[in-house]
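So the chains spell out like this:
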Amino acid sequence: MVIKVEVFSTNSCPHCPAAIDAAQKAKSKLGDAIDVESVKIDESPDNRQRAVDYQIMAVPTIVIDGEIAFIGAPAETELIEKLESML
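This text gives an overview of the structure that appears in the document.

Reading the values: rules and limits
- Residues numbered from 1 in each chain as written.
- Predicted model: local features only at pLDDT ≥ 70, side-chain atom pairs only at ≥ 80, totals over all residues.
- Heavy atoms only, no water.
- Buried < 20%, exposed > 50% of the residue type's maximum accessible area, 1.4 Å probe, protein only.
- Helix = DSSP H or I, 4+ residues; strand = E, 2+ residues; numbered from the N terminus.
- Pairing = 2+ DSSP bridges.
- Axes fitted to C-alpha atoms, helices over the stretch in contact; angles between N-to-C directions.
- Parallel < 35°, antiparallel > 145°, perpendicular 65-115°, else oblique.
- Left-handed = near helix turned anticlockwise from the far one by under 90°.
- Contact = heavy atoms within 4.5 Å.
- Nonpolar A, V, L, I, M, F, W, Y, C, P; charged D, E, K, R; others polar.
- Core = buried A, V, L, I, M, F, W, Y, C linked by side-chain atoms within 4.5 Å.

1. Considerations on the pairing of strand 3 (residues 61-64)
Part 1 of the argument: Burial along strand 3 is two-sided: T61 and V63 facing one way and I62 and I64 facing the other are all buried.
Part 2 of the argument: Where strand 1 (residues 3-9) lies against strand 3, four bridges are found, and the strand directions are antiparallel. Opposite V5, over in strand 3, you have I64 as the bridge partner.
Part 3 of the argument: The pairing of strand 3 with strand 4 (residues 67-71) spans four bridges and is classified as antiparallel. Of the residues in strand 4, the one forming a bridge with I62 is F70.

2. Here we look at the packing of helix 1 (residues 16-30) against helix 3 (residues 76-86)
Part 1 of the argument: At a minimum axis separation of 9 Å, helix 1 and helix 3 run at an interaxial angle of 50°. Comparing the axis directions of helix 1 and helix 3 gives the class oblique. Of the two elements, helix 1 crosses helix 3, and the hand of that crossing is right-handed. Contacts between helix 1 and helix 3 involve A22, A23, K25, A26, K29 and L30 on the former and, on the latter, E76, L79, I80, L83 and E84.
Part 2 of the argument: Residue composition of the contact of helix 1 with helix 3, grouped by class: seven nonpolar, no polar and four charged.

3. A word on the nonpolar core
Part 1 of the argument: Core analysis: the biggest nonpolar cluster contains 17 residues, and V5, V7, I34, I62, I64, L79 and L83 have the highest contact counts within it.
Part 2 of the argument: Residue assignment for this core shows that the elements contributing at least two residues are strand 1, helix 1, strand 2 (34-40), strand 3 and helix 3.
Part 3 of the argument: Sorting elements by how many residues they give to this core places helix 1 first, with six residues.
Part 4 of the argument: Those residues in contact with V5, other than ones at most four positions away along the chain, are I34, D35, V36, E37, I62, V63, I64 and L83.

So, in C-alpha cells, the structure goes:
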C-alpha cells in the first residue's frame, strides 16, 4: 500500500518550501512506498476546496493518508520517522 502525502502550501508562505523539501527528501529515501503531492491552495479553487475539506487553517500543513499529521514544517527526520512507522 502506498502512503499518500499531501503538502498544503501557498506561494507567499515563507515556511512552505521547507515542508515541501522535507516531503521530497522523504520521497527520495522511501521511494515508491509514498506518493507526495504539493497542493498550492492559492493556485486553484479545487485546491482551496481540498484545504477547506480538511479544515486546514494554516500552511504548511501535511496530510498523510487523509489525516492531518503536521501543521508547520516538520524536520525532515521527523517526517521520515512518521512515514516509516506507517510502512
